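Letter by letter, the chains look like this.
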Amino acid sequence: MKYISTRGDAASKDAKPFCDILLEGLAPDGGLAVPQSYPKLGAKDLARLRKLGYRDLAFEILSLYIDDIPAADLRAIVDRTYTKAAFRSEDITPLKALEPGLSLLQLSNGPTLAFKDVAMQLLGNLFEYVLDRRGESLNILGATSGDTGSAAEYAMRGKRNVRVFMLSPHGKMSPFQAAQMYSLQDANIHNIAVRGVFDDAQDIVKAVSNDLAFKAKYRIGSVNSINWARLVAQVVYYFKGYFAATTDDSQEVTFSVPTGNFGNIFAGYIAKKMGLPMRQLILATNENNVLEEFFASGAYRVRKSSEVFETSSPSMDISKASNFERYIHDIVGADGAKVRELWAQVDRSGHFDLAGTPWWERVRASGVASGHSTHADRVATIRDIHARFGYVVDTHTADGIKVGLAHREAGVPLICLETALAAKFDAAVREAIGRVPERPAGYDNIEALPQRCEVMDADVAAIKAFIAGHAS
Ligand SMILES: *Cc1c(COP(=O)(O)O)cnc(C)c1O
């Protein structure tokens, strides 16, 4: 299995093996890594996979995409990653039935209580393995407004040859989120609280990454949502959810996915391409509905940061969807020149429109339905699910449930992805049900733990100096 860039030549002689793209951010031509083809599974494969537990299933799926790590090593990495100790359940991603034909795929039982742990925990172990093998080290630089940064830190803490420099807006995260990150005492984790807003932190990351000499000298890397390995790790739980919701492989299911950067739902799309019997893939946005608009009209219109709403499902507050380029690459038949042309158009005018083109028919045929949800919908959904089933969901999961139910079809099991635990979103939950959500054991008092972070001005030179002084 080799990887090419979405903006490159599909038959490229420059195609790279998995471990080469693992540590790379964007491809050199500005595109994203994609496999030269997607493996197809037949009836026999599905029947075999159905019987497997999470770790065995993960090993089987990952092996299809990773052929430059010896099988025994990959198995050991998977076994180390997906443990009951880390995910609080032997099933890793259990399926919780709400009523016949409606269930939640619980993806948020990892250390930071959001689905990003499922992929990020694997990434931490893959990074450590590949860096060890190459005798290299890496300094991961990122900016976070909450979920991604903490998932990355919990995945990389204590890892050999990896340091993390995570910029966050000083005083702007929820006390729970701040406590999760700043209470980490591992020597390889550096939290930098920037005096400013998230965009200031993000701008600093861009400025540092654009200094190619600095980037090379300090081996600066990232773990953002365009990382291919994160997507493959997420493909696994679509299989797991399907097998848990059905009794044989002739049945179809529909998944509903709260969507931001199109990472999670693209993993579902890959599962479908691989042959998982899926009727619909439902894309749910919040008020930031760039993607709902595309799937309804064919027009992809990115927003300016001033046009992005701050919502109560903040991990879906996006202006553009980075992984969307991988989907479009597939829709245009892996034509890298076409992808280049479309993204040049986005750079020039902020949009492209596939309506009336042959590609639009392919989008329609790809089985993605879309819708959006508002703050009032989230609150009503949290209240309704609690009243009917005695279970409290978070705001992002509520977006997915709301849109999923609107597209529900009789006789087709609907699986809604639970992307975070309610415990992370006290305010919205209190608004919905009049009390704050319960926290899992071990998270009761995290705000009281000693915290450790470097508070700095939004000053690129000063932050570069800090990185240079603490890099591995
Ligand atoms: C990141 C995140 C999302 C969005 O996922 P994408 O892969 O960016 O589409 C949804 N819900 C939660 C809780 C998240 O942290």
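Residues numbered from 1 in each chain as written. Predicted model: local features only at pLDDT ≥ 70, side-chain atom pairs only at ≥ 80, totals over all residues. Heavy atoms only, no water.

Attention now moves to the overall build of the protein chain. Summing up its helical and strand segments, the protein chain has 20 helices and 15 strands in all. A compact globule built from 472 residues would reach a C-alpha radius of gyration of about 23 Å, and the protein chain, at 21 Å, matches this within 12%. The dimensions of the protein chain, computed from C-alpha atoms along their principal axes, are 60 × 60 × 50 Å. Residues classed as buried in the protein chain amount to 58% of the 472 residues present. In the protein chain, the share of contacts with a sequence separation of at least 24, taken over all contacts with a separation of at least 6, comes to 76%. When the accessible surface of the protein chain is totalled, it reaches about 18,300 Å², and 50% of it is carbon and sulfur. Taken as two groups, the 54 positive and 56 negative side-chain charges of the protein chain have centres that lie 2 Å from each other. (Helix = DSSP H or I, 4+ residues; strand = E, 2+ residues; numbered from the N terminus. Rg over C-alpha atoms; globule rule 2.2 N^0.38 Å. Buried < 20%, exposed > 50% of the residue type's maximum accessible area, 1.4 Å probe, protein only. Contact = heavy atoms within 4.5 Å. Areas by Shrake-Rupley, 256 points an atom, 1.4 Å probe, with all protein chains shown as cover. Lys, Arg positive; Asp, Glu negative; His and termini not counted. Charge placed at Lys NZ, Arg CZ, Asp CG, Glu CD.)

So, about the nonpolar core. The biggest cluster of nonpolar side chains holds 112 residues, and the ones touching the most others in it are Phe239, Phe255, Phe324 and Tyr327. Counting residues per element, this core draws most heavily on helix α11 (residues 228-245), which supplies 12 residues. Setting aside its immediate chain neighbours within four residues, Phe239 contacts Leu41, Leu46, Leu49, Leu57, Ile61, Ala271, Met274 and Leu276. Leu104, Ala398, Ala422 and Ala432 belong to the second-largest nonpolar core, a separate cluster that totals 21 residues. (Core = buried A, V, L, I, M, F, W, Y, C linked by side-chain atoms within 4.5 Å.)

Here the focus is the site of the ligand. Around the ligand, the structure places 15 residues, and the nearest of them are Lys116, Gly260, Asn261, Asn264 and Thr419. Between an oxygen atom of the ligand and a main-chain N or O atom of Gly263, the distance comes to 3.3 Å. Protein coverage of the free-state accessible area of the ligand, which is 390 Å², stands at 96%. Each residue belonging to the shell around the ligand can be placed in one class, and the counts come to five nonpolar, eight polar and two charged. (Near = heavy atom within 4 Å. Polar contact = N/O pair within 3.5 Å; in protein donor to acceptor, adjacent residues only side chain to side chain. Nonpolar A, V, L, I, M, F, W, Y, C, P; charged D, E, K, R; others polar.)

On to empty space enclosed by the protein, then. To find the voids left in a structure, one rolls a probe of water-molecule size over its atoms. Considering all chains together, one arrives at one cavity of 30 Å³ or more under this definition. Its volume calculated, the largest cavity comes out at about 60 Å³. Around the largest cavity sit Ile21, Glu24, Gly25, Leu32, Ala33, Ile226, Asn227, Trp228 and Arg326, which together line it. A per-class count over the lining of the largest cavity returns five nonpolar, two polar and two charged. (1 Å grid on protein atoms, 1.4 Å probe; cavity = no way out; pocket = protein on both sides within 12 Å on 5 of 7 lines; lining within 4 Å. Points joined across faces, edges and corners; volume = space filled by probe spheres on them.)

The topology assignment puts Thr419 in the loop between β14 (414-418) and α19 (426-433). On the basis of relative accessibility, which here comes to 6%, the residue Thr419 falls in the buried class. Discounting chain neighbours no more than four positions away, the residues touching Thr419 are Ser108, Ala114, Phe115, Pro258, Asn264, His396 and Thr397.

It is worth spelling out the sheet that holds β14 at this point. The strand order across the open sheet formed by six strands is β3-β4-β14-β9-β10-β13, and the pairing between neighbours is mixed. Every interior strand has two partners, whereas the edge strands, β3 (95-99) and β13 (368-372), have only one. In this sheet, neighbouring strand axes are inclined to one another by 25° on average, regardless of whether the strands run parallel or antiparallel. Where strand β10 (residues 278-285) and β13 come together, five bridges link them in parallel fashion. What sits directly across from Ala284, in β13, is Gly371. Each of β3, β4 (102-106), β9 (253-258), β10 and β14 touches α11; the most contacted strand, β14, lies at about 135° to it. (Pairing = 2+ DSSP bridges. Axes fitted to C-alpha atoms, helices over the stretch in contact; angles between N-to-C directions.)

The next thing to look at is unusual backbone geometry. Of note in this structure, Ile92 is not a glycine but carries a positive phi near 60°. Inspection of the secondary structure assignment puts Ile92 in the loop between α5 (84-87) and β3. Taking relative accessible area as the criterion, Ile92 reaches 0% and is therefore assigned buried. The phi angle at Phe262 is positive, at roughly 70°, despite the residue not being glycine.

To continue, consider helix α13 (residues 290-297). Those residues of α13 that sit buried are Val290, Leu291, Glu292, Phe294 and Phe295. Summarising the contacts, the buried residues of α13 are in contact with β10, β11 (299-301), α14 (324-331), β12 (351-353), α16 (358-365) and β13.

Moving on, we get to the environment of Ala432. Assignment of secondary structure puts Ala432 in helix α19. When its relative accessible area of 6% is taken as the criterion, Ala432 is described as buried. As for Ala432 and Val392, which are separated by 40 residues in sequence, their C-alpha atoms are 9.7 Å apart. Apart from the residues within four sequence positions on either side, Ala432 is in contact with Val379, Ile382 and Arg383.

In this section: the pairing of strand β6 (residues 162-169). In terms of burial, β6 is a largely internal element, seven of the eight residues being buried. Note: strand β5 (residues 138-143) against β6, six bridges, orientation parallel. Each bridged residue has a counterpart across the sheet, and for Ala143 the counterpart in β6 is Leu167. With respect to chirality, the unit in which β5 leads through helix α7 (residues 147-156) into the neighbouring parallel β6 is right-handed. As paired elements, β6 and strand β7 (residues 189-195) share six bridges and run parallel to each other. Of the residues in β7, the one forming a bridge with Ser168 is Ala193. With helix α8 (residues 175-182) bridging β6 and its parallel neighbour β7, the resulting β-α-β unit is right-handed. (Right-handed = clockwise from strand over helix to strand, strands pointing away.)

The geometry of helix α12 (residues 263-273) relative to α14 is characterised by a closest axis approach of 10 Å and an angle of 30° between their N-to-C directions. Classified by the interaxial angle, the pair formed by α12 and α14 is roughly parallel. Residues Phe266, Tyr269 and Lys273 of α12 lie in contact with α14, whose contacting residues are Arg326, Tyr327, Asp330 and Ile331. Across the contact of α12 with α14, the residue classes tally to four nonpolar, no polar and three charged. (Parallel < 35°, antiparallel > 145°, perpendicular 65-115°, else oblique.)

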